[in-house]
Amino acid sequence: MNSKYRFKFEDLTVYLRAMEYGEMVNVLVKKFPKEECFELSSQFKRAADSIALNIAEGSSGTDAQFYNYLGNAWHSSHECVSCSSKARLRKYITFEEDEENRRVLTELSKMITTLRSRISVRIKNKKQK
């Protein structure tokens, strides 16, 4: 996005990847049957969007708050794994699409975990001072 107004969290690679994933899911669920509109597709989109939303919301707080919000983002990424699995089992998506979801979610989970670890070190260093 090329806005002249920039927020610090928009420079985080994990945030950018989470935004991309949310859009990927938004396209994917359009293949779901109409009866899933307020069911699995809605849950999947909300969980996928929640990853980026938690990163953005938490970034403006203290390290401890950001650490907690990243935990929420991590949990949302795991919720997406279940949504993707359900979609595959119901034959709304292919095995290959489920595998791609899992690949991206594995990457996002690792990025979130790494960022949480770095923040945890900062929190511990502040307590020791």
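Structure first, text after, so check above.
Predicted model only: the values in this text are computed from it and were never measured. (Residues numbered from 1 in each chain as written. Predicted model: local features only at pLDDT ≥ 70, side-chain atom pairs only at ≥ 80, totals over all residues. Heavy atoms only, no water.)

Tallying secondary structure elements over the protein chain gives 4 helices and 0 strands in all. From first element to last, N terminus to C terminus, the protein chain shows the α and β order α-α-α-α. Dimensions of the protein chain, computed from C-alpha atoms along their principal axes, come out at roughly 55 × 35 × 25 Å. The proportion of buried residues among the 129 residues of the protein chain is 39%. Within the protein chain, contacts between residues at least 6 apart in sequence are counted, and of these 70% link residues at least 24 apart. About 8400 Å² of surface is accessible on the protein chain, with carbon and sulfur atoms providing 54% of the total. Mean positive and mean negative side-chain charge positions of the protein chain (23 and 17 charges, respectively) differ by 7 Å. (Helix = DSSP H or I, 4+ residues; strand = E, 2+ residues; numbered from the N terminus. Buried < 20%, exposed > 50% of the residue type's maximum accessible area, 1.4 Å probe, protein only. Contact = heavy atoms within 4.5 Å. Areas by Shrake-Rupley, 256 points an atom, 1.4 Å probe, with all protein chains shown as cover. Lys, Arg positive; Asp, Glu negative; His and termini not counted. Charge placed at Lys NZ, Arg CZ, Asp CG, Glu CD.)

What follows covers the packing of aromatic side chains. The final tally for this structure, using the stated rule, is 3 aromatic pairs. When the centroid spacing of 4.9 Å and the interplanar angle of 80 degrees are considered together, the rings of Phe-9 and Tyr-15 count as edge-to-face. Judged by relative accessible area, which is 17%, Phe-9 ranks as buried. Judged by its relative accessible area of 10%, Tyr-15 falls in the buried class. Put simply, the rings of Phe-7, Phe-9 and Tyr-15 touch in pairs and so form one group of aromatic residues. Between the NZ or CZ atom of Arg-116 and the centre of the ring of Tyr-67, over which it lies, the distance is 3.8 Å. (Phe/Tyr/Trp six-rings, centres within 6.5 Å; stacked < 30°, edge-to-face > 60°. Lys NZ or Arg CZ within 6 Å of the ring centre and 35° of its normal.)

Looking now at unusual backbone geometry. Backbone geometry at Lys-91 places phi at a positive 65 degrees, although glycine is not the residue there. Looking at the secondary structure, you find Lys-91 in the loop between helix 3 (63-89) and helix 4 (95-128). On the basis of relative accessible area, Lys-91 is assigned to the exposed category, the value being 73%.

Time to look at the environment of Val-121. Within the secondary structure layout, Val-121 lies in helix 4. Separated by 11 residues in the primary sequence, Val-121 and Lys-110 have C-alpha atoms spaced 17 Å apart.

The next point concerns the pattern of salt bridges. Tallied over the entire structure, the rule returns 10 salt bridges. One salt bridge connects Arg-6 with Asp-11, and the closest N-O pair in it is separated by 3.1 Å. According to the relative accessible area criterion, Arg-6 is partly exposed, its value standing at 45%. Here Arg-17 and Glu-107 are joined by a salt bridge, their closest N and O atoms 2.6 Å apart. A residue pair is termed long-range when its members are at least 10 positions apart, and Arg-17 in helix 1 (residues 13-28) and Glu-107 in helix 4 qualify at 90 residues. With relative accessibility at 35%, the residue Arg-17 sits in the partly exposed group. A single salt-bridge network, built from bridges that share partners, covers Arg-17, Glu-100, Arg-103 and Glu-107. (Salt bridge = Lys/Arg side-chain N within 4 Å of Asp/Glu carboxyl O.)

For Asp-98, the location among the structural elements is in helix 4. Side chain to side chain, Asp-98 and Arg-88 meet in a polar contact 2.6 Å long. The residues contacting Asp-98, other than those within four sequence positions of it, are Ser-84, Ser-85, Arg-88 and Ile-93. (Polar contact = N/O pair within 3.5 Å; in protein donor to acceptor, adjacent residues only side chain to side chain.)

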